[in-house]
Protein chains: 2
Amino acid sequence: MVFWTSRRGARPEAPRLRPRVAPTDLARVDFGELVPEPVPFLGQAAYIQLEFFEGLAKAVATAPSLTSKEGLSAAAGVALRKHHALIAELRRLGVEPDDVMAPFAPATDRFRQATAGADWYELLLGIHLTAGMLDDYFSRLADGLPADLGARVRAILDEEGAAVVLGSELGAAIRSDPRLADRLALWGRSLVGDTLLIARSALRASEADGRAGERVEPVFTELIADHTRRMDALGLTA
Amino acid sequence: MVFWTSRRGARPEAPRLRPRVAPTDLARVDFGELVPEPVPFLGQAAYIQLEFFEGLAKAVATAPSLTSKEGLSAAAGVALRKHHALIAELRRLGVEPDDVMAPFAPATDRFRQATAGADWYELLLGIHLTAGMLDDYFSRLADGLPADLGARVRAILDEEGAAVVLGSELGAAIRSDPRLADRLALWGRSLVGDTLLIARSALRASEADGRAGERVEPVFTELIADHTRRMDALGLTA
């Protein structure tokens, strides 16, 4: 698990193993006030990109046309680059990426299975919505990393990846078969819970503070609002 | 299918749709004497790289450890880069890559299924041996392309890809379970036929000339010798 706390005052300039000061003023928390520990943050983010890569590679292998394969394989390449770039950041911190990623594997693997869907369209929507939420989430949380590292991680995560090709494939499919919209709308709504669980697993209150839920609530509200905008863009009722 | 012929004299400097002169002196044919038509050559080579990518992505998804995933996913990234670089060459020639690749899809898909194996080790050996033979084959045949294009294609195909990680994974597995060697030796031998069929499908004699088999025989002999060296390096009896 990644350990987090709210941040007061200046951004720390070096990785910290665990924040020592429990926060008290939690009324208006934003992303920038959460201080991720760099090592587990990078480990979880890297492993999640590996899962997106595997999902996109499956989408390539099962794509109905070569045109779809080309766009999806390019997106798979981007997820792979993100994965390897985050692994490289772990090595810069002097840790072995496998050891850091391993604790996140079981829950993330279950997450991928739970969001893989029953067919190609559900697979695509699963990646579109969960990667949409989690890339954004980890990128914004990276603001709380030491400044140089945070900037590099944001640059890694903000690379335009699967969103355009997935939005375009799904939009075209929904337009050509309107009945698909109802099924995908249901499926899209069902993905939110699993995604929030992964997001929440990246947050843990300091043990002296039981108000973790309250602290991260605004973060999750924002995630869900973004999800709704993504569903709307596809013409799906969120 | 890609149309080929033996080449006499100078290398053509521009893509040709179909060679007009049937070869006559076929006694000592080498790779440089075969003139591939650029468009179908690139289409088949590009589609084969896509298959290697899909195979490697499957190997990533089913890998037993994160260490294996890292090396294999890097190799998958290389196959993907080769695929997209060859597609880019098709676009430079003013053709739509999907249209050019489509005719190769059925046979290449069957080839991937036939060489995917019964478990992770057979999957790895299947990619190692077939990619080893076919990358080398297409790279050497690229010598017959117009000079600039041929040099670029060789540079694309010669990028070090999966060979090191696959050789290392398989070598370690065979050392830790010597019984694996017998099964994999059998499996490796069984892959040669399917690979030669793919290689042969890239060659078609001009219709006036029925001696295609004789002409390409030395090429295949070389492919098989390389295969044997690759098996030997793993301690497998070819």
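Details of the structure are given in the entry above.
Cut-offs and rules
- Residues numbered from 1 in each chain as written.
- Chains lettered and ligands numbered in written order.
- Predicted model: local features only at pLDDT ≥ 70, side-chain atom pairs only at ≥ 80, totals over all residues.
- Contact = placed C-beta atoms within 7 Å.
- Helix = DSSP H or I, 4+ residues; strand = E, 2+ residues; numbered from the N terminus.
- Nonpolar A, V, L, I, M, F, W, Y, C, P; charged D, E, K, R; others polar.
- Least-squares fit on C-alpha atoms with pLDDT ≥ 70 in both.
- Buried ≥ 20, exposed ≤ 12 C-beta atoms within 10 Å, placed from the backbone.
- Core = buried A, V, L, I, M, F, W, Y, C linked by C-beta atoms within 7 Å.

1. Some words on the interface of chain A and chain B
Alright, step 1. Between chain A and chain B, the contact holds 21 residues from the first and 21 residues from the second.
Alright, step 2. The set of elements that each furnish at least two residues to the side of chain A that touches chain B consists of α1 (38–61), α2 (66–92) and α3 (97–101) of chain A.
Alright, step 3. When residues of the side of chain A that touches chain B are assigned to their parent elements, the largest contribution, 12 residues, is made by α2 of chain A.
Alright, step 4. In terms of residue class, the side of chain A that touches chain B is made up of 12 nonpolar, five polar and four charged.

2. Some words on the relation of the copies chain A and chain B
Alright, step 1. Each copy of the sequence occupies a distinct position, and chain A is placed on chain B by a rotation of 180° and an axial shift of 0.0 Å, giving an RMSD of 0.0 Å. A rotation of that kind, with that shift, is consistent with a two-fold axis.
Alright, step 2. Taken as a fraction of all interface residues of chain A, those also at the interface in chain B reach 100%, which identifies the copy contact as same-surface.

3. Considering the environment of isoleucine 127 of chain A
Residues and elements named next belong to chain A.
Alright, step 1. Inspection of the secondary structure assignment puts isoleucine 127 in helix α5 (residues 120–141).
Alright, step 2. In sequence terms isoleucine 127 and glutamate 222 are 95 residues apart; their C-alpha atoms lie 19 Å from each other.
Alright, step 3. Setting aside anything within four residues of it in sequence, one finds isoleucine 127 in contact with Phe52, Gly55, Leu56, Ala59, Ala162 and Leu166.

4. Some details on the environment of proline 64 of chain B
Residue and element names in this part refer to chain B.
Alright, step 1. With respect to the helices and strands, the residue proline 64 is situated in the loop between α1 (38–61) and α2 (66–92).
Alright, step 2. Classification of proline 64 by C-beta neighbours within 10 Å gives exposed; the count is 10.
Alright, step 3. For the pair proline 64 and proline 103, spaced 39 residues apart in sequence, the C-alpha separation works out to 35 Å.

5. Some remarks on the nonpolar core
Alright, step 1. Of all hydrophobic cores here, the largest spans 118 residues; its most connected members are Leu56 and Ala76 of chain A together with Leu56 and Ala76 of chain B.
Alright, step 2. A total of 15 residues in this core trace back to one element, the largest contributor, which is α1 of chain B.
Alright, step 3. When sequence neighbours within four positions are dropped, the list of residues in contact with alanine 76 of chain A reads Phe53, Leu56, Ala57 and Val60 of chain A together with Leu80 of chain B.

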